[in-house]
Number of protein chains: 2
Amino acid sequence: MDIIEAILKRRSIRKFTPDPVSRDDLLTILDAGRWAPSGLNNQPWRFLIITGNDQRKDALQDCTKYAHIIRSASLLVAVFLDKKAKYHHVKDCQGAGACIQNMLLAIHGLNLGGVWLGEIINQEEKVHQVLGTDVQGLELMAVIAVGHPAGSGSSSRKELGELLLEPLNT
Amino acid sequence: MDIIEAILKRRSIRKFTPDPVSRDDLLTILDAGRWAPSGLNNQPWRFLIITGNDQRKDALQDCTKYAHIIRSASLLVAVFLDKKAKYHHVKDCQGAGACIQNMLLAIHGLNLGGVWLGEIINQEEKVHQVLGTDVQGLELMAVIAVGHPAGSGSSSRKELGELLLEPLNT
């Protein structure tokens, strides 16, 4: 799939078939995240993978109002920052965003579907409890829900003119 | 160019030929940024475009220790957050990261080169002065330097095993 087309056509997918995501596809998704840029190349992101068999998937549904998406997804990628690897809060959060976006684009490129669950970080402490992750050392950035799409997504964006601080003169 | 290949093969390019970036390519790059995901689809990013003819390009070099990259680039995209459009600092910074990464991938997909300049935000106030942008209303996220590559880039990443909080069991 062409890179420009993938960027422009990717949409959030919130409903999935029960089919599992293959190990090869999972490794491609994680490699995409791994190759994101970061300030000073500090690569502060850390991943926890939860599949359909994992009992923690049930408890994770109680951490978000998007429980139905967690339930439907055959694969979840929880993305954290390693606090020891951080060097600048804004730049590390931006890097996490680049990493998550790389994974979402790879998911789309593999003809899978995914959605960035951000609301769940409002319940970060509960997520750490449920996942058994290090509440002191790790900062939750997002959970990506992944699976084989059951339906298509739709969305819209502002016109470019609304985003430009000055008209283009080129 | 294939999306997965683009994600894995993109490298920062810090030296450019003097050739300008076409208007069509600029519009593609900005469209890529525009289509990034954001929390509640708030799209808080705003763009300021600086080309070779813009006198502000000279003054911008004094805002960063990477003056030589600014000088070499035929196109600069300054990315801000509109403070009125923000809703959650971490999620908005992540969204800016996704937006910047979309643009970097599009740049690579167009056979152009680019690099994410993050150090410049340490001199945010001076950047606002130089660009004449609204220091109260806009938060500087990064400047992307863009041009036709003069040479290739190289980089490395941690092994996946260093990033996984638990071994894969799938």
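Refer to the structure presented above.
Residues numbered from 1 in each chain as written. Chains lettered and ligands numbered in written order. Predicted model: local features only at pLDDT ≥ 70, side-chain atom pairs only at ≥ 80, totals over all residues. Heavy atoms only, no water.

1. Quick look at the sheet that holds strand S3 (residues 113–117) of chain B
All names here are of chain B. So the rule is basically this: Pairing between strands requires that DSSP locate at least two bridges from one strand to the other. A run of H or I in DSSP counts as a helix once it spans at least four residues, and a run of E counts as a strand once it spans at least two, with each numbered from the N terminus. Helix axes are fitted to C-alpha atoms over the stretch in contact, other axes to C-alpha atoms as well, and angles between N-to-C directions run from 0 to 180 degrees.
Read across the open sheet, the four strands follow the order S1-S2-S4-S3; overall the sheet is antiparallel. With partners counted over all chains shown, the strands left at the sheet margins are strand S1 (45–51) and S3, one partner each. On average, each strand axis in the sheet is inclined to that of its neighbour by 25°, with strand direction left out of account. Sheet analysis places S1 next to strand S2 (residues 75–82), joined by seven bridges and oriented antiparallel.

2. Focus on the side chain of Ser72(B)
Residue and element names in this part refer to chain B. Note the threshold: A 3.5 Å cut-off defines polar contacts: any pair of N or O atoms within that distance qualifies, except that in protein one atom must be a possible hydrogen donor and the other a possible acceptor, and neighbouring residues in sequence count only when both atoms are side-chain atoms. Residue contacts are counted whenever heavy atoms from the two residues lie within 4.5 Å of one another.
Following the sequence through the fold, Ser-72 ends up in helix H4 (residues 67–72). At 2.9 Å, the side chain of Ser-72 forms a polar contact with the backbone nitrogen of Phe-16. Those residues in contact with Ser-72 that lie beyond four places of it in its chain are Arg-14, Lys-15, Phe-16 and Thr-17.

3. Regarding helix H2 (residues 23–34) of chain A
Quick note on the threshold: Helix span, as expected, comes to 1.5 Å for every residue beyond the first. Each residue is assigned to one of three classes by its accessible area relative to the maximum for its type, calculated with a 1.4 Å probe on protein chains only: buried under 20%, partly exposed between the two thresholds, exposed over 50%.
Given a rise of 1.5 Å per residue, 12 residues ought to cover 16 Å, and the 16 Å separating the end C-alpha atoms of H2(A) matches this to within 8%. Along H2(A), the residues that are buried comprise Asp25(A), Leu26(A), Ile29(A), Leu30(A), Ala32(A), Gly33(A) and Arg34(A). Elements in contact with the buried residues of H2(A): strand S1 (45–51), strand S2 (75–82), helix H5 (89–109) and strand S4 (138–147) of chain A together with helix H1 (3–9) and helix H7 (160–163) of chain B.

4. Digging into the pattern of salt bridges
Filter applied, for reference: Each reported salt bridge corresponds to a side-chain nitrogen of Lys or Arg within 4 Å of a carboxyl oxygen of Asp or Glu.
Using the criterion set out here, one finds 10 salt bridges over all chains in the structure. With a shortest N-O distance of 2.8 Å, Glu139(A) and Lys86(A) are connected by a salt bridge. One end of the pair, Glu139(A), is in strand S4; the other, Lys86(A), is in the loop between S2 and H5, with 53 residues separating them in the sequence. With relative accessibility at 22%, the residue Lys86(A) sits in the partly exposed group. The closest approach of N and O atoms between Asp82(B) and Arg46(B), which form a salt bridge, is 3.4 Å. Of this pair, Asp82(B) sits in strand S2 while Arg46(B) sits in strand S1, and the two are 36 residues apart along the sequence.

5. Concerning the interface of chain A and chain B
Heads up, the condition is: Here's the idea: put two parts together, see how much 1.4 Å probe accessible area each one loses, and the total over both is what we call buried area. Under the convention adopted here, Pro, Cys and the residues Ala, Val, Leu, Ile, Met, Phe, Trp and Tyr are nonpolar, Asp, Glu, Lys and Arg are charged, and Gly plus all remaining residues are polar.
Chain A puts 70 residues into the contact, and the matching count from chain B is 70 residues. A per-residue breakdown of the area chain A buries against chain B is headed by Trp35(A), Gln94(A) and Arg157(A), which together make up 13% of the total. Here chain A and chain B share two salt bridges between them. Among the salt bridges present, the one from Glu166(A) reaches Arg56(B), with a minimum N-O distance of 2.8 Å. One can count 32 residue pairs in polar contact (both at pLDDT 80 or more) joining chain A with chain B. Elements supplying a minimum of two residues to the side of chain A that touches chain B: helix H1 (3–9), H2, S1, H5, S4 and helix H7 (160–163) of chain A. The dominant element in the side of chain A that touches chain B, judged by the number of residues it contributes, is H5(A), at 14 residues. Class assignment for the residues of the side of chain A that touches chain B results in 35 nonpolar, 20 polar and 15 charged.

6. Brief notes about the nonpolar core
The condition that has to hold: Joining through side-chain atoms within 4.5 Å is the link that ties buried Ala, Val, Leu, Ile, Met, Phe, Trp, Tyr and Cys residues into a set, and such a set is a nonpolar core.
In this structure, Leu30(A), Phe47(A), Leu60(A) and Phe47(B) are the most contacted members of the largest nonpolar core, which totals 106 residues. Leave out the neighbours within four places in its chain, and Leu30(A) touches Phe47(A), Ile49(A), Val77(A), Met103(A), Leu160(B), Leu164(B) and Leu168(B). Formed by 14 residues, the second largest nonpolar core is a distinct cluster that contains Ile3(A), Ile4(B), Ala6(B) and Ala32(B).

Coordinates in, geometry out; function isn't part of it.
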